[in-house]
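Commentary on secondary and tertiary structure
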Amino acid sequence: MKKSIWRTGFVVAMAATAVAASAAERRLTVALNVSQADATFTAVTAIAKDYVKQHPGVAIDVVALPVYEQTMKTKMAANDLPDLWSTHGWSVARYSEYLTPLNDQPWFGKINPTIKPVITDKAGKVFVLPFDVDVAGIAFNRAVLDKAGVDPFGIKTWDDFKAACAKVKASGKIPVHIGGSAKDSWTVGNFYDWVAPSFLITNEKKNFRTALKDGSFDWKSWGQVAKLLVEFRDAGYLNPDYTQGTWQDVGQKMAAGEAAFGFYGNNVIGEAKKFNPAGKYGFIPVPAAGKDDAPSLITGERVTLGVWKDSKHKADALEFLGFCARPENVNRIATINGNPTGLVGSAYRSEQGDLSPYFAKIGGVRGFPYFDREYLPNGMWDSMCNTGMGLLANTMNLDQAIAKMKEDYLSLRGQ
Amino acid sequence: MERTYRSANVFYIPALILFGVFVVYPFLDGVRIAFTNWNGYSRSYSYVGLRNLARLFSDRNVRLAFGNSLIYGFGSTILQQILGLSAAVLLDKKFPGRTVARTILYLPVLVPAVTMGYMWVQLLRLDGGVNDLVQVLGGHRVLWLSDRALAVGAVVAVNTLQYMGISMVIYLAGMQAIPSVYYEAAQLDGAGPWEQFRGITIPLLYPAFATSITLNLIGGLKLFDLVWALTSGGPGYTTHSLATLIYSSYFESQLAGFASANGIMLFATILAITAMLQAGLRRTEVELS
């Protein structure tokens with residue numbers, strides 16, 4: 001009797017192991033560049049669960065990789081990548097070498113025309129499913145602007161913006177919260193990503209699009225971009241701790257009604273809402289450099305997923321991606337971020353909540369891709385961040401900042 | 001007898017293999033990468049000759065990082081020896097609470113440098129604890145990590161406070177190994193505490209000096225974690241050590257070849273300085289013995 005119990009137990013254990021092994025053989029890993037606390041992570045995890053319910057032989061691990069970019073670079077160097085991963089704006093310039101072209105997927109024809117050029121390489125290949133489209137301008141706290149007597153939609157040029165800042169400053173509030181940590185200066189790089197197109201790209205009569213792409217760009221022209229930040233600092237338009245602030249401070253101060261503008265996507269409004277959900281927030285297009293040009297918007301990838309070209313489970317990964325492309329899943333993620341959907345068609349729609357009136361107002365405003373992703377060689381984001389912070393903290397002068405940008409541009413173009 | 005020794009050689013082969021795989025091979029591959037324009041992750045790259053090595057001499061940030069590494073290395077080492085030796089001398093005497101005092105001074109060594117760095121980032125904020133103290137004392141609030149001199153000073157100070165416990169323990173061990181008969185004889189000859197310290201303690205602590213200085217200097221020269229947690233090399237590039245500049249060049253600026261060239265320079269610098277230091281300390285030790 002005892003023997004037969006042991007024998008039965010052994011057989012059951014072996015069978016369970018075999019089932020587990022077969023499930024493990026079809027285990028997909030999806031890596032995301034957001035923290036586990038992020039709503040996008042929760043949504044992708046829920047979509048994966050729905051998929052697994054319908055496909056019992058497949059298991060999906062959704063992971064939030066720490067230090068995402070560095071980890072992914074190491075994984076690329078080792079050619080040991082997740083089956084699917086998010087590309088945070090770099091599907092073409094950085095990750096395309098390792099991604100599967102998706103032009104043959106059934107949802108390919110539905111890609112939103114706004115995002116399509118941004119995620120298409122020179123050969124016409126697309127490597128990601130875009131859940132939404134990043135449409136960003138300058139975020140603001142409406143109550144602070146009202147109190148200062150500023151009409152945000154009256155701001156058309158940087159001179160108008162400076163006049164608005166002067167009014168906000170006079171009302172005792174912080175005109176621009178740059179975050180601006182000397183330790184983590186990405187917020188300063190973001191400022192340049194927002195400002196640079198208005199000086200170098202958006203003016204149809206005079207721009208440097210070709211020169212930036214063919215390497216003939218005269219870096220002296222970067223001076224006007226770099227200088228704007230210094231002018232803001234010298235005029236007292238930035239938060240006083242502009243070299244030791246953090247990104248979290250921006251949302252917090254906007255929520256508290258202490259800061260007016262933030263040079264970030266609408267995610268900063270989501271951050272502010274965490275602290276003060278009742279606050280009135282909005283966004284305007286980025287002002288133009290002069291009256292001969294018009295304000296513009298920043299567009300780019302937001303939440304995307306691509307499939308590793310050497311994945312052992314490529315068929316499953318592509319099928320999961322197809323599942324993600326269903327309207328209910330795309331709509332869900334686009335709504336979380338308050339962005340337009342990455343796929344278009346009658347079933348695709350997202351809710352922008354309180355921001356709907358602002359989205360209605362930007363119809364017809366031209367969108368331009370993130371400056372560094374489109375016009376600078378891969379790797380120059382860091383140069384923008386550090387030279388900007390060097391200027392802010394006075395550890396670099398304008399000439400040194402321009403020289404460093406030029407040196408890195410030439411060096412990285414040579415790769 | 002000779003045969004026994006020869007067969008014993010077999011036992012270090014596994015260690016040799018591990019050393020070769022995890023130290024020698026990566027180092028040699030790093031040297032190879034220094035001659036390429038690799039971005040750190042792509043499958044394709046080309047060889048660019050001596051371009052990365054040449055850039056070491058023209059790049060302003062390398063000069064800054066090299067200077068900072070020397071400040072972190074020598075500055076922290078000097079301060080750690082002064083504080084560590086002073087603490088050891090005080091805590092070598094018998095008094096109630098001596099063990100507790102030793103523990104408290106050694107405790108920061110057990111805290112990971114990253115944790116220590118993040119704690120100090122909060123303390124040094126404009127609205128942080130250090131500025132609260134400055135204000136109470138009648139001063140103005142300061143952006144401590146926004147100015148190169150202040151930020152570099154902060155790195156040296158935090159590094160010193162964290163690791164002086166190691167020097168203290170090394171000197172305490174050295175002092176306890178000095179036979180008490182030397183002091184008794186000196187007392188009989190009428191030597192006071194200062195003469196005893198200068199004539200007995202200091203010379204007999206030379207092996208401890210050699211160990212403590214070498215350990216602190218190497219640690220300071222290749223300082224990474226504390227700098228990264230405290231300033232990440234900013235503002236701009238002004239507080240980078242060579243080690244953080246290597247990381248930043250490799251993973252952030254995507255200049256893996258240049259980062260590797262920096263790595264070779266860091267290796268050569270530490271090797272040269274510690275070799276000179278060891279030779280100097282050995283010579284002094286021989287002269288004293």
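It should be noted that the structure appears before, not after, this text.
For clarity, every value in this text was computed on a predicted model and none was experimentally measured.

What to know about the overall build of chain A
Helix and strand counts for chain A stand at 16 helices and 12 strands. The C-alpha atoms of chain A give 24 Å as radius of gyration, which agrees with the globular expectation for 415 residues (22 Å, within 12%). Scored against the burial criterion, the 415 residues of chain A give a buried share of 55%. Put simply, of all contacts in chain A between residues at least 6 apart along the chain, 73% involve residues at least 24 apart. Put simply, chain A has 47 plus and 42 minus side-chain charges, and the middle of one group is 3 Å from the middle of the other.

Some remarks on the interface of chain B and chain A
When the parts of a complex come together, some accessible area is lost, and that lost area is often taken as the interface size. Contact residues are listed per partner, giving 39 residues for chain B and 38 residues for chain A. Surface buried jointly by chain B and chain A totals about 3,200 Å² across both partners, of which 45% is contributed by carbon and sulfur atoms. If you sort the residues of chain B by the area they bury against chain A, Tyr41(B), Arg43(B) and Tyr237(B) come out on top, with a joint share of 22%. Here chain B is connected to chain A by three salt bridges. With its nearest N and O atoms 3.4 Å apart, the salt bridge here joins Arg55(B) to Glu407(A). On inspection of chain B and its partner chain A, the count reaches 19 residue pairs in polar contact (both at pLDDT 80 or more). Of all elements in the fold, only α4 (60–92), α6 (113–123), α12 (225–230) and α13 (242–252) of chain B reach the threshold of two or more residues within the side of chain B that touches chain A. Top element by residues in the side of chain B that touches chain A is α13(B). It accounts for four residues. Along the lines of polarity and charge, the residues of the side of chain B that touches chain A split into 17 nonpolar, 15 polar and seven charged.

Notes on the sheet that holds strand β10 (residues 297–301) of chain A
Within a sheet, each strand pairs with its neighbour through backbone hydrogen bonds, oriented either parallel or antiparallel. Residue and element names in this part refer to chain A. Reading across from one edge, β5-β10-β12 is the order of the three strands in this open sheet, with mixed pairing throughout. Edge positions in the open sheet fall to β5 (133–136) and β12 (367–369), since each of these has one partner strand only. Geometrically, the sheet is characterised by an average inter-axis angle of 35° between neighbouring strands, direction not taken into account. Here four bridges tie β5 to β10, and the two strands are oriented antiparallel to one another. From the neighbouring strand, Val 135 faces β10, where its bridge partner is Thr 299.

A closer look at unusual backbone geometry
In the segment running from Gly234(B) into Pro235(B), the intervening peptide bond is cis, with an omega of 5°. Looking at the secondary structure, you find Pro235(B) in the loop between α12 and α13. Of note in the backbone geometry, Asn394(A) takes a positive phi value of approximately 65° without being a glycine. Within the fold, Asn394(A) resides in the loop between α15 (381–392) and α16 (398–413). We note that Ser232(B) has phi near 55°; this positive angle belongs to a residue other than glycine.

A word on the side chain of Ser311(A)
Residue and element names in this part refer to chain A. Mapped onto the secondary structure, Ser 311 falls in the loop between β11 (304–307) and α11 (314–324). At a separation of 3.0 Å, a polar atom in the side chain of Ser 311 contacts the main-chain amide nitrogen of His 313. Separated by 3.5 Å, the side chain of Ser 311 and the backbone nitrogen of Lys 314 make a polar contact.

Cut-offs applied
Residues numbered from 1 in each chain as written. Chains lettered and ligands numbered in written order. Predicted model: local features only at pLDDT ≥ 70, side-chain atom pairs only at ≥ 80, totals over all residues. Heavy atoms only, no water. Helix = DSSP H or I, 4+ residues; strand = E, 2+ residues; numbered from the N terminus. Rg over C-alpha atoms; globule rule 2.2 N^0.38 Å. Buried < 20%, exposed > 50% of the residue type's maximum accessible area, 1.4 Å probe, protein only. Contact = heavy atoms within 4.5 Å. Lys, Arg positive; Asp, Glu negative; His and termini not counted. Charge placed at Lys NZ, Arg CZ, Asp CG, Glu CD. Buried area = accessible area lost by both parts, 1.4 Å probe. Salt bridge = Lys/Arg side-chain N within 4 Å of Asp/Glu carboxyl O. Polar contact = N/O pair within 3.5 Å; in protein donor to acceptor, adjacent residues only side chain to side chain. Nonpolar A, V, L, I, M, F, W, Y, C, P; charged D, E, K, R; others polar. Pairing = 2+ DSSP bridges. Axes fitted to C-alpha atoms, helices over the stretch in contact; angles between N-to-C directions.

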